[in-house]
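Observations on chain architecture
Listed here are the chains, written in short residue letters.
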Amino acid sequence: KGDTELNVQIRLTKAPTLTIHIPKLNLQVKYTAPVPTDHIKDGEVVVRNEFISIDAAMRTWITGRKTYRDPILPGMTMYATTVDKFVLKKLKIPEGDLVLCGGGWQKYAVLNGKELSKLPKNITNPEVFLALSISGMTAYFGLEDIGKIK
């Protein structure tokens, strides 16, 4: 259960300059208190991240500028699309089911249940859904809706 383990998070320590220097990535591993499962509200869920996406758009998100989403500011956990397993919920979804959501670069996340999409039970490789993350969705809708490929 999430309430007995430390949560591991990857947080931004400072916004990058124009060039990224790999030895100084401006990220920090942070061990935080266990997920407070006794404070979960109706409609919220605790999920354990099984797979985490890494998207090109993240470079823009960490600059501090607002785009189609709010920026990731120093001290914040990196945002990412994730495939997660339910640990605790106050929804009518069985624990252990897999969902696609924005759990971020961390082991556990507390999310609003409306922010997730349940994955089919017969999925054997759920990590393929991350291919439809930010870049995949952009490519799909660009080709289908804007390019109208026939």
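Please refer to the structure higher up on the page.
Figured I'd write up the structure that's included with this text. On a predicted model such as this, the values are computed, not experimentally measured, just so you know. (Residues numbered from 1 in each chain as written. Predicted model: local features only at pLDDT ≥ 70, side-chain atom pairs only at ≥ 80, totals over all residues. Heavy atoms only, no water.)

1. Points about the environment of Gln106
To keep things clear, this is the line we draw: Per the convention used, a helix needs a DSSP run of H or I reaching at least four residues, while a strand needs a run of E reaching at least two, with both numbered from the N terminus. Only heavy atoms matter for contacts: two residues are in contact if any of them lie within 4.5 Å across the pair.
In this fold, Gln106 is placed in the loop between strand S5 (98-101) and strand S6 (108-112). Along the chain, Gln106 and Asn7 lie 99 residues apart, while their C-alpha atoms are 6.9 Å from each other. With sequence-adjacent residues up to four places away left out, Gln106 is seen in contact with Asn7, Val8, Gln9, Asn49, Ile52 and Thr77.

2. Considering the packing of aromatic side chains
Convention followed: Any two of the Phe, Tyr and Trp rings considered here, Trp counted by its six-membered ring, make a pair once their centres fall within 6.5 Å; the pair's planes then place it as stacked at under 30 degrees, edge-to-face at over 60, or tilted in between. Three exposure classes are used, based on accessible area relative to the maximum for each residue type with a 1.4 Å probe and protein chains only: buried under 20%, partly exposed in between, and exposed over 50%.
The tally for this structure, following the rule as stated, stands at two aromatic pairs. Taken together, a centroid distance of 6.3 Å and an interplanar angle of 75° make the contact between Trp61 and Tyr68 edge-to-face. On the accessibility criterion, Trp61 (1% relative accessible area) is buried. Overall, the relative accessible area of 57% leaves Tyr68 in the exposed class.

3. Details of the nonpolar core
Keep this limit in mind: Residues grouped as a nonpolar core are buried Ala, Val, Leu, Ile, Met, Phe, Trp, Tyr and Cys residues, joined through side-chain atoms within 4.5 Å.
Of all hydrophobic cores here, the largest spans nine residues; its members are Leu12, Ala57, Met58, Trp61, Ile62, Ile72, Met78, Ala80 and Trp105. Leu12 has contacts with Asn26, Leu27, Ile62, Ile72, Leu73, Pro74, Gly75 and Met76, leaving out every residue within four places of it along the chain. Membership of the second largest hydrophobic core comes to eight residues, among which are Phe86, Cys101, Ala109 and Leu116.

4. Describing the pattern of salt bridges
What counts, and what does not: Whenever Lys or Arg places a side-chain nitrogen within 4 Å of a carboxyl oxygen from Asp or Glu, that contact is recorded as a salt bridge.
In the structure shown here, the tally under the stated rule is four salt bridges. A salt bridge links Glu5 to Lys107; the nearest nitrogen and oxygen atoms lie 2.5 Å apart. Taken as a pair, Glu5 in the segment before strand S1 (7-12) and Lys107 in the loop between S5 and S6 lie far apart in primary sequence, 102 residues in all. The exposure class of Glu5 is partly exposed, given its relative accessible area of 30%. Using a relative accessible area of 32% as the deciding quantity, one classes Lys107 as partly exposed.

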